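Understanding the architecture of this molecule
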Amino acid sequence: MNDIYQQYRFARVEGRNITRARLEAQFRDGITDLEELENAIEQQLTMEPMCTPWRESEVEQTGCREGMRMAALEFYWAHRQRLRLAIVHNSAKEKSTADRIVDASGNRT
């Protein structure tokens, strides 16, 4: 395997793993707000890649940056879909509960 490509690949994997671990630690207690998730991902995408200061070559820094972006976007899409489904499910559950509320005269309100 080409040495330059191998350096790039290792740095990309390392940047991806570190970023994924950061996001998982940040949302250890769960994600309850889509805006909070979006803000965290935005911060990851705009921050200067300092996760691997030992990666000094341009190829390694590029690999690390791309790994960080990849992890942030993967985390966002995986959790965004689950969060949206949970919001829709909770809204449907609240609506069905509200439909079953009956006032004292027996009429649904």
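Located above this text is the structure these notes cover.
**Concerning the overall build of the protein**
- Across its full length, the protein carries three helices and zero strands.
- Put simply, the protein runs from its N terminus to its C terminus through helices and strands in the order α-α-α.
- The buried share among the 109 residues of the protein stands at 23%.
- If you take every contact in the protein between residues at least 6 apart in sequence, the share linking residues at least 24 apart comes to 72%.

**Quick look at a negative patch on the surface**
- Side chains of Asp33, Glu35, Glu36, Glu38 and Glu42 sit close together on the surface and give a patch of like negative charge.
- Of note, Asp33 is situated in the loop between α1 (3-26) and α2 (34-46).

**Here we look at the packing of aromatic side chains**
- Scanning the entire structure with this criterion turns up three aromatic pairs.
- With a centroid separation of 5.2 Å and an interplanar angle of 75 degrees, the aromatic rings of Tyr76 and Trp77 are classed as edge-to-face.
- Tyr76 gets classed as buried once you look at its relative accessible area, which sits at 13%.

**Quick notes on the nonpolar core**
- Counting residues in each nonpolar core, the largest one holds ten residues, listed as Leu23, Phe27, Ile31, Leu37, Ala40, Ile41, Ala72, Phe75, Tyr76 and Leu83.
- For this core, the secondary structure elements donating two or more residues are α2 and α3 (58-99).
- At four residues, α3 tops the list of elements feeding residues into this core.
- If near-sequence neighbours (up to four positions away) are discounted, Ala40 is found in contact with Leu23, Gln26 and Phe27.

Scoring rules and cut-offs
Residues numbered from 1 in each chain as written. Predicted model: local features only at pLDDT ≥ 70, side-chain atom pairs only at ≥ 80, totals over all residues. Heavy atoms only, no water. Helix = DSSP H or I, 4+ residues; strand = E, 2+ residues; numbered from the N terminus. Buried < 20%, exposed > 50% of the residue type's maximum accessible area, 1.4 Å probe, protein only. Contact = heavy atoms within 4.5 Å. Patch = residues over 30% accessible without salt bridge, like charges linked within 9 Å, V, L, I, M, F, W, Y side chains within 5 Å. Areas by Shrake-Rupley, 256 points an atom, 1.4 Å probe, with all protein chains shown as cover. Salt bridge = Lys/Arg side-chain N within 4 Å of Asp/Glu carboxyl O. Lys, Arg positive; Asp, Glu negative; His and termini not counted. Charge placed at Lys NZ, Arg CZ, Asp CG, Glu CD. Phe/Tyr/Trp six-rings, centres within 6.5 Å; stacked < 30°, edge-to-face > 60°. Core = buried A, V, L, I, M, F, W, Y, C linked by side-chain atoms within 4.5 Å.

Interpretation in functional terms is not warranted from these geometric data alone.
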